[in-house]
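# Architecture and fold: a report
Chain by chain, the residues:
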Amino acid sequence: MILTPKNWLSPQPALLGAAALCVLVVLPAATAGVASTAAASQAGANAKEPAGLKVVARRCLSCHNPEKKAGGLDLSTRAAATAGGLTAKDDPARNPLVRVVTTGKMPPTGKLPAEEIAALRAWARDGLLYPTAKLEARTSADEPLWSLAPVRRAPLPVSRFDRQARNPIDRFVFARLQAAGLQPSPPAGRLELLRRVTLDLTGLPPTPGEIDAFQADRAADAYEKVVDRLLASPAYGERWGQHWLDVVRYGESNGYEQNHLRANAWPYRDYVIRSLNEDKPYDRFVREQLAGDVLAKGDPAIDAATGFLVAGIHDTVGNGTEEGRRQQRANDLDDIVGTTAETFLGLTVGCAKCHDHKFDPIPQKDFYRLAAVFAGVRHGERRLGMGAAASADGAMRYREDFPPVTARFVRFTVQGTADGNEPCLDELEVYGTQGEANLALAAGGAKASASSLLPGYPMHQVQHLNDGKLGNDHSWISQERGKGWAQIELPQSVLLRRVVWSRDGGAVTRFRDRIPAVYSIQVSEDGAEWKTVVQRGDGGGTNEIRSGQAAYAGLFGDPEPIHLLRRGDVMQREAVVMPAALSRMPGFPGELGQEPAKLSDAQRRLALADWMVDPRNPLTARVIVNRLWHGHFGRGLVGTPSDFGHNGEKPSHPELLDFLAATLTADRGAQWEAGKGGEWVPRVEKASPASSTRWSGAGWSLKSMHRLIVTSATYRQSNAVTPQGEAVDAGNQLLWRMPLRRMEAEVVRDAVLSVSGKLDRRMGGGSYQLFKYRVVNVAIYETRDEFGPETWRRGVYRQNARAIRDDLLGTLDCPESSQRTPRRVSTTTALQALSLLNGSFMVQQAGFLAERVRNEAGSEPAAQAKQAFRLTFGREPRAEELVETVSLIRSEGLGDGKTGGLLALCRALLNANEFLYY
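Every value quoted in this text rests on a predicted model; they were computed, and no experiment measured them. (Residues numbered from 1 in each chain as written. Predicted model: local features only at pLDDT ≥ 70, side-chain atom pairs only at ≥ 80, totals over all residues. Heavy atoms only, no water.)

## Considering the overall build of the chain
For the record, the criterion: Secondary structure elements are defined from DSSP: runs of H or I of at least 4 residues count as helices, runs of E of at least 2 residues count as strands, and each element is numbered from the N terminus. Based on C-alpha atoms, the radius of gyration is set beside the globule rule, defined as 2.2 Å times the residue count to the power 0.38. Partly exposed residues are those whose accessible area sits between 20% and 50% of the maximum for their type, while under 20% is buried and over 50% is exposed, using a 1.4 Å probe and protein chains only. For the area figures, the Shrake-Rupley method with a 1.4 Å probe applies, and any residue is considered shielded solely by the protein chains shown. Charge assignment: positive for Lys and Arg, negative for Asp and Glu; neither His nor the chain ends contribute. A charged residue contributes its charge at one atom only: NZ of Lys, CZ of Arg, CG of Asp or CD of Glu.
Assigned secondary structure in the chain consists of 31 helices and 19 strands. Relative to the globule expectation of 29 Å for 918 residues, the C-alpha radius of gyration of the chain, 33 Å, shows essentially globular dimensions. Taken along its principal axes, the extent of the C-alpha atoms in the chain is 110 × 75 × 65 Å. Within the chain, the fraction of its 918 residues that count as buried is 56%. Split by element, the accessible area of the chain, about 37,400 Å² in all, is 53% carbon and sulfur. One way to put it: in the chain the 113 positive side-chain charges average out to a point 4 Å from where the 105 negative ones average out.

## Some words on the pairing of strand 5 (residues 427–432)
Of all six residues in strand 5, six are buried; the element is thus mostly enclosed. Here strand 5 shows a buried face lined by Glu 427, Glu 429 and Tyr 431 and a second buried face lined by Leu 428, Val 430 and Gly 432.

## Concerning the pattern of salt bridges
To keep it simple, the criterion reads: Salt-bridge detection follows one rule: a side-chain nitrogen of Lys or Arg within 4 Å of a carboxyl oxygen of Asp or Glu.
Counted under the stated rule, the structure contains 55 salt bridges. Sharing partners across several salt bridges, the network here consists of Glu 238, Asp 750, Arg 761 and Arg 794.

## Quick word on the nonpolar core
One recurring pattern in soluble globular proteins is that nonpolar side chains are buried together. Short version of the rule: The criterion is simple. A nonpolar core is a set of buried Ala, Val, Leu, Ile, Met, Phe, Trp, Tyr and Cys residues joined through side-chain atoms within 4.5 Å. Note on contacts: a residue pair qualifies if any of its non-hydrogen atoms lie within 4.5 Å across the two residues.
Grouped together as the largest cluster of nonpolar side chains are 171 residues, with contacts concentrated most on Phe 374, Trp 611 and Leu 660. If you tally residues by element for this core, the top one is helix 20 (residues 618–633), at eight residues. If we ignore the near neighbours within four places in the chain, the residues touching Phe 374 are Leu 290, Leu 309, Arg 329, Leu 333, Ile 336, Val 337, Thr 340, Arg 605 and Leu 608. In this structure, Val 414, Leu 425, Tyr 519 and Ile 521 belong to the second largest nonpolar core, which totals 27 residues.

## Quick word on the sheet that holds strand 16 (residues 680–682)
Where we set the bar: In this description, strands pair whenever DSSP reports at least two bridges between them. A fitted line through C-alpha atoms represents every axis, and for helices the fit uses only the stretch in contact; the resulting angles, taken between N-to-C directions, go from 0 to 180 degrees.
Strand order across the open sheet formed by three strands is 16-15-17, with antiparallel pairing between neighbours. Each edge of the open sheet carries a strand with a single partner, namely strand 16 and strand 17 (694–696). Averaged over neighbouring strand pairs, the angle between their axes works out to 35° when direction is ignored.

## Overview of the confidence of the model for the chain
Here is the rule: Confidence scores labelled pLDDT are given residue by residue by the predictor and lie between 0 and 100.
A residue-level look at the chain finds 91% of positions with pLDDT of 70 or above and a mean pLDDT of 88. For residues 388–393, every residue scores under 50 in pLDDT, and the model assigns this stretch 15 contacts once sequence neighbours within four places are set aside. Between residues 538–545, whose pLDDT stays under 50, and residues either more than four places distant or in other chains, the model counts 35 contacts.

## Side note on helix 24 (residues 745–756)
Stated precisely, the cut-off is as follows: Helix span, as expected, comes to 1.5 Å for every residue beyond the first.
Relative to the 16 Å expected for 12 residues at 1.5 Å per residue, helix 24 spans 17 Å between its end C-alpha atoms, a close match to the ideal helical length. For helix 24, the full list of buried residues reads Ala 745, Glu 746, Val 747, Val 748, Arg 749, Asp 750, Ala 751, Val 752, Leu 753, Val 755 and Ser 756. The positive-phi residue at the C-terminal boundary of helix 24 is Gly 757, with phi of around 85°.

## Let's talk about helix 17 (residues 322–345)
The end-to-end C-alpha distance of helix 17 is 33 Å, a good match for the 34 Å that 24 residues give at a rise of 1.5 Å each. Just past helix 17, the residue Gly 346 takes up positive phi, approximately 65°.

## Looking at the packing of helix 12 (residues 222–232) against helix 22 (residues 702–710)
Defined as follows: Less than a right angle of anticlockwise turn of the near helix away from the far helix marks a crossing as left-handed, whereas a clockwise turn marks it as right-handed. Note on residue classes: Ala, Val, Leu, Ile, Met, Phe, Trp, Tyr, Cys and Pro are nonpolar, Asp, Glu, Lys and Arg are charged, and everything else, Gly too, is polar.
Closest axis-to-axis distance for the helix 12/helix 22 pair is 11 Å, and the angle between their directions is 150°. In the crossing of helix 12 with helix 22, the sense of the turn from one axis to the other is right-handed. For the pair formed by helix 12 and helix 22, the contact residues are Tyr 223, Glu 224, Val 227, Asp 228, Leu 231 and Ala 232 on the first element and Lys 703, His 706, Arg 707 and Val 710 on the second. Considered class by class, the residues forming the contact of helix 12 with helix 22 number five nonpolar, one polar and four charged.

## Describing the packing of aromatic side chains
Filter applied, for reference: Only Phe, Tyr and Trp rings take part, Trp by its six-membered ring, and two of them pair if their centres are within 6.5 Å. Stacked means planes under 30 degrees apart, edge-to-face means over 60, and tilted covers everything else. For a lysine, the NZ atom is tested; for an arginine, the CZ atom; a charge sits over a ring if that atom is within 6 Å of the ring centre and within 35 degrees of the ring normal.
This model, assessed by the stated rule, comprises 31 aromatic pairs. Seen from their ring centres, Tyr 268 and Tyr 271 are 6.2 Å apart, and the 25° between their planes marks the pair as stacked. Taken together, the residues Tyr 268 and Tyr 271, both in helix 14 (residues 266–277) and three residues apart, mark about one turn of the helix. We note that Tyr 268, like Tyr 271, is buried. An aromatic cluster is defined as three or more aromatic residues linked by ring pairs; in this entry it consists of Trp 244, Tyr 250, Tyr 268, Tyr 271, Tyr 282, Phe 285, Phe 308, Phe 344 and Trp 700. In this structure, Arg 737 is placed above the aromatic ring of Trp 736, and the distance from its NZ or CZ to the ring centre is 5.5 Å. For the cation-ring pair, Arg 749 lies above Phe 841, with the distance from its terminal atom to the ring centre recorded as 4.7 Å.

## Description of the packing of helix 7 (residues 96–103) against helix 8 (residues 114–125)
Definition in use: By definition in this entry, angles of less than 35 degrees are roughly parallel, angles greater than 145 are roughly antiparallel, angles of 65 to 115 are roughly perpendicular, and the rest are oblique.
Where helix 7 contacts helix 8, the axes come no closer than 9 Å and their chain directions differ by 165°. Overall, the two elements helix 7 and helix 8 adopt an arrangement that is roughly antiparallel. Here helix 7 and helix 8 pass one another in a crossing that is left-handed. Along its contact with helix 7, which presents Leu 97, Val 98, Val 101 and Thr 102, the element helix 8 presents Ile 117, Leu 120, Arg 121, Trp 123 and Ala 124. Here the residues of the contact of helix 7 with helix 8 sort into seven nonpolar, one polar and one charged.

## Section: the side chain of Gln 328
Tracing the backbone shows Gln 328 in helix 17. Assessed through its relative accessible area of 17%, Gln 328 is described here as buried. Setting aside residues up to four positions removed in sequence, Gln 328 forms contacts with Asp 315, Val 317 and Asn 319.

## Side note on the pairing of strand 8 (residues 484–502)
Of the pairings in the sheet, the one linking strand 3 (residues 397–417) to strand 8 comprises 14 bridges and is antiparallel in character. Its bridge partner being in strand 8, Arg 411 is matched across the sheet by Gln 487. In this sheet, strand 8 lies alongside strand 5 in antiparallel orientation, the contact comprising six bridges. Of the residues in strand 8, the one forming a bridge with Glu 429 is Val 500. The pairing of strand 6 (residues 447–450) with strand 8 spans four bridges and is classified as antiparallel.

## Overview of the environment of Gln 178
Definition in use: Throughout this description, a polar contact denotes any pair of N or O atoms lying within 3.5 Å of each other; where both atoms belong to protein, one of them has to be capable of donating a hydrogen while the other can accept it, and for residues adjacent in sequence the pair is counted only when both atoms sit in side chains.
Relative to the helices and strands, Gln 178 is located in helix 9 (residues 168–179). You can call Gln 178 partly exposed: its relative accessible area is 33%. Put simply, Gln 178 and Phe 161 are 17 residues apart on the chain and 8.1 Å apart in space, counted from C-alpha to C-alpha. If near-sequence neighbours (up to four positions away) are discounted, Gln 178 is found in contact with Ser 159, Arg 160 and Phe 161. At 2.7 Å, the side chain of Gln 178 forms a polar contact with the backbone nitrogen of Arg 160.

## What about the state of the cysteines?
As a reminder of what qualifies: Sulfur atoms of two cysteines make up a disulfide when they are within 2.5 Å.
One pass over the full model with this rule turns up zero disulfides. Not engaged in a disulfide, the cysteine Cys 354 finds its nearest cysteine sulfur in Cys 351; these two sulfurs lie 9.6 Å apart. Judged by its relative accessible area of 32%, Cys 354 is partly exposed.

## What to know about the side chain of Ser 520
Relative to the helices and strands, Ser 520 resides in strand 9 (residues 516–524). Residue class for Ser 520 comes out buried when judged on its relative accessible area of 5%. With near-sequence residues (within four places) excluded, Ser 520 lies in contact with Arg 411, Phe 412, Thr 413, Gln 415, Thr 532, Val 534 and Gln 535.

## Topic: the environment of Val 534
Mapped onto the secondary structure, Val 534 falls in strand 10 (residues 531–536). Judged by its relative accessible area of 4%, Val 534 is buried. Once the C-alpha coordinates of Val 534 and Phe 412 are considered, the two residues, 122 residues apart in sequence, prove to be 9.4 Å apart. Here Val 534 is in contact with Glu 400, Asp 401, Phe 402, Tyr 519, Ser 520 and Ile 521, once residues within four sequence places are set aside.

So, in structure tokens, the structure goes:
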């Protein structure tokens, strides 16, 4: 920092010449008394470095050193500092250094924190202690980073509130509250608690039946039984899968200029949801996403996990220059490295691409060491579960199974292609219930027809649909952009069960354009009346991932050499860098084997995955338990969930964070209890822990950690605000109450569909679209104002195109998937109220809700009002509410069969804070 007035920083050249004069106004001459204490000062400084000297090294020496000597001041030695005017006095406030930092004139980057100012004041008071050697400038990157220290099993603290504690979490929270002069809030009411935990764990509101059951259950473990039921629900994986997809920047289009849709990105999304529902151990979850193709052993459900690596944006525009091609590749690797580090380690390694990280202990070389790990990874689709054959040359063939049905005609209708061009099929195969023969072959008497044919190409003809020859050179192309149909007429009706279609299904796949993304398969006995047996893409499907299913899960090949780039410039290559992990983890080397240059692509990624979940790595467990805490409380114990570095926030409860991390990684069969001093003591008996001094290891089980968090007294607190809490801790960082939160965008939409009775609970498969899509070289997305049943699935299954946000979801702060979103913002705007009240989706669903209420409650207005409140708020209206709502219903004549008044009521209830907040 430069010890001169702020106006010295004026960019006008004429003022810069006066810099040396400015310091004379600020700094008085040195006093003789200082020199007499020099020897003693040096001796003291060498024994233990004062905190104030650390501040000088971090904040001042970058400008006030012998080379720059800004303002004529050099702070590298005591002699230079005193010669420049610094003094040591009984009254440190008279010291010019202390004075300018206290008033905020320096540093120019902003006023120092109070603790650093206090450290400088103490340093001046004690005589300006300096080391014997010259003081060198430092950055925070040179200082120990709290998150890299080993996870510590801190003893359970004691407070006067411990009788209210339900598990060890509360012991840590209550001790902090007591130290701050605060106390925990009373428990939440039953309805408030049930609604909170149901929305938290499943993203859906509790049904009236679930509410009644919980209210009636007076068993001591009634709440715990609810938690277990919710964790076992398939909706849990959908809810927490969305949290994960936010973090890893999952999207279903390429981004950049063309931004074409990725028709087969969804297998990764389904992998995440399925893994969470299975309670897959988190260490396994990490390893599969980095090297699932290696660990899959022919299992396509696991093979899809590497969609994590390529879930980000990718430039598909060809580039004719060497620099452009290098930059595109560098951008892809930057995205993979940055996402991997932030997701699993909570470190911004991407900031070391051009130079050593300015704040964290991450040298520039570490960025390129990690890039070398992923040097064999490229964007693209491949077939899942095919081992080494799952490469860019895999056959593009897709199998569709359906319940047996008797038919003679089979029609494959395309409503949309992945790139918007005319759809192309090279073969349409039909199979019956007897044997494995393709019944569609022309050689067997079947006839092919189509809606149209792209003229002028002999290799593209209708007869190629069933000639038995695979590959682009024997295919059919429609004449209509994005749509068309192809049909097979069998010699006679037969019991059918499967259709297989392919785009370029030969031994070597050369073409990946024109692929049907939205399509249906219909069958008919007479060619006049048709029955749909398969619907894919828009509306999704329910089929499981099969061997041969194409997925945007990355292509893997021989690693390319990775050079360290001078200043990140792709045209300034320096030495080749070997694959490795981070180099400055205390006591935990980052090398990935004895001969890293000989590691294959698969070996590199698997070695890094093992390094991530190694017990010596303190970051992986800390980061994930903090993400869980963030999801439940709206704020993590570390408020920056993907930045555990010096620029991120320090943990509000560091001992609690480490307790959770240690519990996550402890063996699942391990039982612990607090000893006399609160220390961890293994328990011999295997009884289930049910007190604030007993707990079990989670064995990397995320569901176990969810259960521990949501059964704590801290989580069960009321969200009521108290004057004392607001005065002492307005931000509620000490958790003296449970924060009140608004539902996230997708949860609002899901909850509306749930209460209206229209939520389609089908899981998995292709995504539905909340937009209109077409391609004219680049992708064109248009607003959709009509939402049919194919869009009534949960929000996690929507096709999440980049730079495109639905009117309702975007208004409610749904993040844009081009960027990693470890925490969502929650704004309050007038546009939100207007969208919730007048948006076409909300008006439509309010109508369905009114219809449901009328069907379930009958025509009597009071009964309708009570049912509408039960469905939306989980309770019946209060007396005054009942009078007003009945009046509203009757004013519109609902009693004689009209819906106007009830519709108005339903629109109002869906807009109420009581519905939107929990």
